[in-house]
Protein chains: 2
Amino acid sequence: MISEKEAKNIILNATQDFGVEEIPFIKSVGRILKEEILADRDFPPFNRVSMDGIAIDLEKFKEGQNSFKIEGIQAAGSKQISLKNSNNCIEVMTGAVLPNHTNAVIRYEDVIIENGVAKIQIHEIIDFQNIHKKGKDKKAGDVLVHLNKKISAAEIGVIATVGKSIVKVAKQPKVIIVSTGDELVGVDEIPLEHQIRRSNVFSLVSLLEKLNISAETAHITDDKPILKQKISTYLKDYDVLLFSGAVSKGKYDFLPEVLEELGVEKLFHKVAQRPGKPFWFGTKTENDNNFNKIEKNNIKEQAVIFAFPGNPISTFVNCLAYFYPWYQKSVQCNQNEITAILGEDVSFKPNLVYFLQVKLASEAGNLVAYPVKGNGSGDLASLVNSDAFIQLPNNKIHFKKGEVYSVLRYRN
Amino acid sequence: MISEKEAKNIILNATQDFGVEEIPFIKSVGRILKEEILADRDFPPFNRVSMDGIAIDLEKFKEGQNSFKIEGIQAAGSKQISLKNSNNCIEVMTGAVLPNHTNAVIRYEDVIIENGVAKIQIHEIIDFQNIHKKGKDKKAGDVLVHLNKKISAAEIGVIATVGKSIVKVAKQPKVIIVSTGDELVGVDEIPLEHQIRRSNVFSLVSLLEKLNISAETAHITDDKPILKQKISTYLKDYDVLLFSGAVSKGKYDFLPEVLEELGVEKLFHKVAQRPGKPFWFGTKTENDNNFNKIEKNNIKEQAVIFAFPGNPISTFVNCLAYFYPWYQKSVQCNQNEITAILGEDVSFKPNLVYFLQVKLASEAGNLVAYPVKGNGSGDLASLVNSDAFIQLPNNKIHFKKGEVYSVLRYRN
């Protein structure tokens, strides 16, 4: 049995580069950017009028003139026009190019227009008033969005602005989520007394969907030859195999031996934590004889196997605690740790890291974690009442209200 | 001009019920549950073995017996078997039904098995040790997930467990996002000097995608008859029209008058806030003559029009500040307010609510908001460097480091 820290280190040393793919920018939310987004021109690209009003030659105003005959209109989206007579003005619209030979905009609110003449009602006007100057925000060639940024609605706007209709993002790993156990029946079936429906695979599918990974699913019965034959295929076809169940001490927990027989290197089995202890992790490196999968941009170097214990809460927390950081490091998008303040005293004796289910509350700028009482790792329904797991270290027994620990959040 | 509070009240009084639809449960993440999820049977459904080991009749152990001959195996997923001789034991696997006539499980770690006999190595065993008792978590008929819960991976597991392969969720509003402005060209086009590419509609599409709403998009040129004709159609076909631009004082800002000519009731125009002030909001109620859209489950009662100012940051913040809560109240899933601690002093003089761009950091259980310097509401790239807007009230000018305000978060 190894510590949670060692387990995480081993996992983070088994990350993998899945390469890069090009996709339509509008489909890229949540994906990890694999190119720099550069300004294709200055931003704003021209001296941009930022208020509806009139544009003048400021010198004339400074010389004492405050009535300006309207000479024309500069609309947004129209080619730049020129002020012909510097005693006149041009009506200008927000978003328009500032007309040639003008250098200040006075908003409609500050002028009175009568008979085609605008009378300015204010006494101070500064150079380039109400003008968003060309290149003020960014110069052509500036980096607008950096490599490895997780794309959100904000980045989508920038990517559209610079005309990148196709964008390079990290390719996602090919993942299969496999349930085992003869006690499991399908969601559409009516279980007999000793049976239950498959549910962990679907929780895992949803947790991976949050990372924009579309995982496939499969179920294998507790039959060693079948297990071996199917897993052998999956090892060739997928980057990641996620299992739920069959890793404990049970008579039919064939998974560890089958994986080892198939040449998967066990990197650990069992982590000093609760829940989720009997977690098995290993990798299979492709050797030359077995080099049967070459994709367009990347070569499948290895398959990574996360075999989680079958209890619903164990599977769930281990996906958050281990698969998530493994994926994030693989695509080079490291997430900042989130910490929360314990809202109640908690005691936990075993010398194990304790992933305690909590409900989170935003209270005056604090993130407070209130423990949720569940009935152990089989109590799936208790996940519904929680938002996260708070991670309590194994070096103490009493955890006091007000102490700060990191949290694994699955609900926003 | 009305206050941000009044604007929000008006909007929250214009919410709408879009009805309910049935979808495959695995597609329901992020949607709002519109039925109660009930336990279809007790959970666990049987006395469930929670450790691999042996099951015994505890009376025999209490009488002093500590060696038990193994009589059989109870695997997970097998029908319940019975202990025939109460001096014997049965090997049991995690997830299995507890065999008949047994009432305690001793884990493999606490027994030595030799020649088909298990010798117990511990001295205290309690009734139903290592057994997750039938109905301990939930009783048949108990509510597992309540109405109006936003479905996450946790709920997916529960929904699968009770066999609801089809689930009732709130129907989403039909939304069209419309850009206006002759200065705009497509993402794939090369803009002339006075033009820029469309970007706000795509930011809005992405912001709505976060709510699992698939919006359609359209662009209309600054031509009043065309604008009127197109909007007239949209009012019939969509529940929500989101506009970006054409609501200011400009000569070609036809939108407010066109909407009013089409019978849309203006509920307000301009909110005392920065950015995002020239926001126009209205509703069009279907009258009897115009009752041309009856859908399967619900009748379209009204169209709601959010016409945001065209500056990128204005559109973005108004979507978060107004459309999000409108949608959440419409589907009856109210989100808790998030607050953050200001990380720096800020001064803001105008008598307006100030939506200030901030970067958020989780620091020792605190959510700290650091102001991000942008160049005003046109500076789209500054959104890339921020995570949220902190909402500073209009009743003061100096905001001190350490003070707590609510935040509108667009990045997790």
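Reading guide: rules and limits
Residues numbered from 1 in each chain as written. Chains lettered and ligands numbered in written order. Predicted model: local features only at pLDDT ≥ 70, side-chain atom pairs only at ≥ 80, totals over all residues. Heavy atoms only, no water. Phe/Tyr/Trp six-rings, centres within 6.5 Å; stacked < 30°, edge-to-face > 60°. Helix = DSSP H or I, 4+ residues; strand = E, 2+ residues; numbered from the N terminus. Buried < 20%, exposed > 50% of the residue type's maximum accessible area, 1.4 Å probe, protein only. Least-squares fit on C-alpha atoms with pLDDT ≥ 70 in both. Contact = heavy atoms within 4.5 Å. Pairing = 2+ DSSP bridges. Salt bridge = Lys/Arg side-chain N within 4 Å of Asp/Glu carboxyl O. Polar contact = N/O pair within 3.5 Å; in protein donor to acceptor, adjacent residues only side chain to side chain. Nonpolar A, V, L, I, M, F, W, Y, C, P; charged D, E, K, R; others polar. Domains from an automatic or database assignment. Disulfide = S-S within 2.5 Å. Axes fitted to C-alpha atoms, helices over the stretch in contact; angles between N-to-C directions. pLDDT = per-residue confidence, 0-100.

### Quick notes on the packing of aromatic side chains
Applying the stated criterion to the full structure yields 38 aromatic pairs over all chains. Pairing Phe323 of chain A with Trp326 of chain A gives two aromatic rings, centres 5.6 Å apart and planes at 35 degrees, and the pair type is tilted. With Phe323 of chain A and Trp326 of chain A both in helix 7 (residues 312-330), this residue pair falls three residues apart, about one helical turn. Centroid distance Phe268 of chain B to Phe279 of chain B: 5.1 Å. Interplanar angle 85 degrees. Geometry classified as edge-to-face. Taken together, the residues span a long stretch of sequence, with Phe268 of chain B in strand 18 (residues 265-269) and Phe279 of chain B in the loop between strand 19 (273-274) and strand 20 (280-285) at a distance of eleven residues. Comparing Phe268 of chain B with Phe279 of chain B, the two get one shared label, buried.

### With respect to the relation of the copies chain B and chain A
Superposition of the two copies of the chain requires a rotation about an axis and a shift along the axis. Least-squares fitting of chain B to chain A yields an RMSD of 0.1 Å, with the superposition described by an axial translation of 0.0 Å and a rotation of 180 degrees. Here the two chains are linked by the operation of a two-fold rotation axis. Using C-alpha coordinates, one finds that chain B approaches the rotation axis most closely at Asn366 of chain B, a distance of 2.2 Å. Both copies contact each other with a shared surface, as 100% of the interface residues of chain B are interface residues in chain A too.

### Observations regarding the pairing of strand 22 (residues 338-342) of chain B
Residue and element names in this part refer to chain B. Burial analysis of strand 22 places four of its five residues in the buried class, which makes it a mostly covered element. Pairing analysis gives four bridges linking strand 22 to strand 28 (residues 404-409), with the strands arranged antiparallel. Each residue of the ladder has a partner; that of Thr339, found in strand 28, is Ser406. Pairing of strand 22 with strand 25 (residues 366-371) involves two bridges; the strand directions are parallel. Its bridge partner being in strand 25, Leu342 is matched across the sheet by Ala369.

### Structural notes on the interface of chain B and chain A
Between chain B and chain A, the contact holds 91 residues from the first and 91 residues from the second. Our enumeration of links across chain B and chain A arrives at four salt bridges. Run the count over chain B and chain A and you get 33 residue pairs in polar contact (both at pLDDT 80 or more). Tallying contributions element by element places helix 3 (residues 153-161) of chain B first for the side of chain B that touches chain A, with eight residues. Looking at side-chain class alone, the side of chain B that touches chain A contains 39 nonpolar, 24 polar and 28 charged residues.

### Let's talk about unusual backbone geometry
Residue and element names in this part refer to chain A. Residues Arg274 and Pro275 are joined by a peptide bond in cis, for which omega reads -10 degrees. Relative to the assigned elements, Pro275 resides in the loop between strand 19 (273-274) and strand 20 (280-285). Here the phi dihedral of Asn115 falls at roughly 50 degrees; this positive angle occurs in a residue that is not glycine. Tracing the backbone shows Asn115 in the loop between strand 8 (111-114) and strand 9 (117-120).

### Section: the domain arrangement of chain A
Split into domains, chain A comes out as domain 1 (4-19 + 171-330), domain 2 (24-36 + 145-170), domain 3 (48-132) and domain 4 (338-409). One C-alpha centre belongs to domain 3 of chain A, the other to domain 4 of chain A, and the line joining them spans 61 Å.

### Section: the side chain of Gln195 of chain B
Within the fold, Gln195 of chain B resides in the loop between strand 14 (184-185) and strand 15 (196-197). The exposure class of Gln195 of chain B is buried, given its relative accessible area of 14%. Here Leu192 of chain B takes part through its backbone nitrogen, which lies 2.9 Å from a polar atom of the side chain of Gln195 of chain B. When sequence neighbours within four positions are dropped, the list of residues in contact with Gln195 of chain B reads Arg41, Pro45 and Phe46 of chain A together with Glu183 and Val185 of chain B.

### Overview of the environment of Ala272 of chain B
Residue and element names in this part refer to chain B. Position of Ala272 relative to the elements: it lies in the loop between strand 18 and strand 19. Residue Ala272 is classed as buried on the basis of its relative accessible area of 11%. Counting along the chain gives 74 residues from Ala272 to Arg198, while the straight-line C-alpha distance between them is 27 Å. Those residues within four positions of Ala272 in sequence are excluded, and the remaining contacts are Met1, Ile2, Ser3, Asn351, Leu352 and Val353.

### Description of the state of the cysteines
All chains considered together, the criterion is met by zero disulfides over all chains. With no disulfide of its own, Cys319 of chain A lies 16 Å from the sulfur of Cys333 of chain A, the closest cysteine sulfur.

### Thoughts on the pattern of salt bridges
The tally for this structure, following the rule as stated, stands at 34 salt bridges over all chains. A salt bridge links Lys62 of chain A to Asp127 of chain A, with the shortest nitrogen-to-oxygen separation between them at 3.7 Å. Of the two residues, Lys62 of chain A sits in helix 2 (residues 58-62) while Asp127 of chain A sits in the loop between strand 9 and strand 10 (131-132), which places them 65 residues apart along the sequence. Glu344 of chain B serves as the salt-bridge partner of Lys373 of chain B, at 3.5 Å between the closest nitrogen and oxygen. Placement of Lys373 of chain B in the loop between strand 25 and helix 8 (381-384) and of Glu344 of chain B in the loop between strand 22 and strand 23 (346-347) is noted, with a sequence separation of 29 residues between them. On the accessibility criterion, Lys373 of chain B (68% relative accessible area) is exposed. Its relative accessible area of 32% is what places Glu344 of chain B among the partly exposed residues.

### Looking at helix 3 of chain B
Residue and element names in this part refer to chain B. In terms of burial, helix 3 is a largely internal element, nine of the nine residues being buried. For helix 3, the complete set of buried residues consists of Ala153, Ala154, Glu155, Ile156, Gly157, Val158, Ile159, Ala160 and Thr161. Remark: Gly163 follows helix 3 within two positions and exhibits a positive phi of approximately 80 degrees.

### Description of the environment of Ala321 of chain B
All names here are of chain B. Here Ala321 is to be found in helix 7 (residues 312-330). In the structure, Ala321 is positioned 313 residues away from Lys8 in sequence and 8.2 Å away in space, judged by C-alpha atoms. Beyond its immediate sequence surroundings of up to four residues, Ala321 is in contact with Lys8, Phe355 and Leu408.

### Here we look at the sheet that holds strand 8 (residues 111-114) of chain B
Residues and elements named next belong to chain B. Sheet architecture is open: six strands sit in the order 7-4-6-5-9-8, paired in mixed fashion. Pairing within the sheet leaves two strands with one partner each, and these edge strands are strand 7 (104-107) and strand 8. Looking at each pair of strands side by side, their axes are set apart by 40 degrees on average, direction ignored.

### A word on the confidence of the model for chain A
All names here are of chain A. With 94% of its residues at a pLDDT of at least 70, chain A reaches an overall mean of 92. Within the model, pLDDT remains below 50 along residues 288-298, and this stretch shows 20 contacts once partners closer than five positions in the same chain are excluded. Confidence estimates for the predicted assembly give a pTM of 0.92 and an ipTM of 0.91.

### Brief notes about helix 4 (residues 200-209) of chain B
Counting buried positions along helix 4 of chain B gives nine out of ten residues, so the element sits mostly inside the fold. Taken as a whole, helix 4 of chain B has its buried residues at Asn200, Val201, Phe202, Ser203, Leu204, Val205, Ser206, Leu207 and Leu208 of chain B. Among the structural elements, helix 3 (153-161) of chain A together with strand 13 (175-180), strand 16 (216-220), strand 17 (240-244), strand 21 (302-308) and helix 7 of chain B are those in contact with the buried residues of helix 4 of chain B.

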